[in-house]
Amino acid sequence: DLSQLLQRIKSLKDNFKGRVYTDLQFKGRGTDWEKVKNQLWAKGKLEVKDGAILTLDLMGSLLGDWINSPSFRSILQQSIGKKEWQMLNQTKFNTLTGDFTVKDGKVKFEPAVMKVEGATMKLKGDFGFDYKVDFDGILRFDKKSSDEIARKLGLSKDAKSILFKNGKILVLPFKLKGTY
């Protein structure tokens, strides 16, 4: 039943927002979502502009214990601005682009690129219709943001040469696994 399928997809509206552009091919069979979701096949290109993942603080999740440090939280709050700080329970982004496939109840990206203010994330992996995610990625801050983070952390040039790529760019590899 199409209305049942659309109602199930509509429930995702509380998790995501943005303007979506896509080129999509798909096929599937079934009379209810539980049957359709594991038989659905699709491939396409996705672009989301001015978007947000409303139920995930990706930056906070990636930074883990660092973000719980009062000094780092203060630095980060000053770096990203008050408005963005208030929205840390979500992941706002300028653009999200990538090629994807849907198969066996999962949406797989290889890779997806998410541009956030001051940084770019490259993600490779999948999220499932069972609300599980499994991504490997790299968070690469731009030079201005990297310099600002280093300055506010009080890092010397020698420390930057060790901690930053080519002594200039802060790059953080990560694994994102869990539920949304």
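Everything quoted here is computed from the prediction, not taken from an experiment. (Residues numbered from 1 in each chain as written. Predicted model: local features only at pLDDT ≥ 70, side-chain atom pairs only at ≥ 80, totals over all residues. Heavy atoms only, no water.)

A. Molecular detail of the nonpolar core. In this structure, Phe93, Val102, Phe109 and Met114 are the most contacted members of the largest nonpolar core, which totals 30 residues. Counting only elements with at least two residues in this core, the list comes to α2 (33-39), β2 (41-53), β3 (91-103), β4 (106-116), β5 (119-128), β6 (132-141), α7 (143-153) and β7 (171-179). In this structure Val102 touches Leu40, Trp41, Ala42, Val107 and Phe129, once residues within four positions along its chain are discounted. (Core = buried A, V, L, I, M, F, W, Y, C linked by side-chain atoms within 4.5 Å. Buried < 20%, exposed > 50% of the residue type's maximum accessible area, 1.4 Å probe, protein only. Helix = DSSP H or I, 4+ residues; strand = E, 2+ residues; numbered from the N terminus. Contact = heavy atoms within 4.5 Å.)

B. Representation of the environment of Lys92. For Lys92, the location among the structural elements is in strand β3. Sequence spacing of Lys92 and Met114 is 22 residues, and the spatial spacing of their C-alpha atoms is 9.6 Å.

C. Main features of the side chain of Ser146. Relative to the helices and strands, Ser146 is located in helix α7. Residue class for Ser146 comes out buried when judged on its relative accessible area of 0%. The residues contacting Ser146, other than those within four sequence positions of it, are Phe141, Phe164, Lys168, Ile169 and Leu170.

D. Region of interest: the sheet that holds β6. Across the sheet, 7 strands lie side by side as β1-β2-β3-β4-β5-β6-β7; this open sheet has antiparallel pairing. Across the chains shown, the open sheet's two edge strands, defined by having one partner strand only, are β1 (16-27) and β7. When strand polarity is set aside, the average angle formed by the axes of neighbouring strands in this sheet is 15°. (Pairing = 2+ DSSP bridges. Axes fitted to C-alpha atoms, helices over the stretch in contact; angles between N-to-C directions.)

E. Focus on the pattern of salt bridges. Taken as a whole and assessed by the stated rule, the structure comprises 12 salt bridges. Between Asp50 and Arg19 there is a salt bridge, with the nearest N and O atoms lying 2.7 Å from each other. Here Asp50, found in strand β2, pairs with Arg19, found in strand β1; they are 31 residues apart in sequence, far enough to count as distant. A salt bridge links Glu34 to Lys37, with the nearest nitrogen and oxygen atoms 3.2 Å apart. Taken as a pair, Glu34 and Lys37 lie in helix α2 at a separation of 3 residues, close to a single helical turn. What makes Lys37 buried here is its relative accessible area of 12%. Residues joined by salt bridges that share partners form a network here, namely Asp134, Asp136, Lys175 and Lys177. (Salt bridge = Lys/Arg side-chain N within 4 Å of Asp/Glu carboxyl O.)

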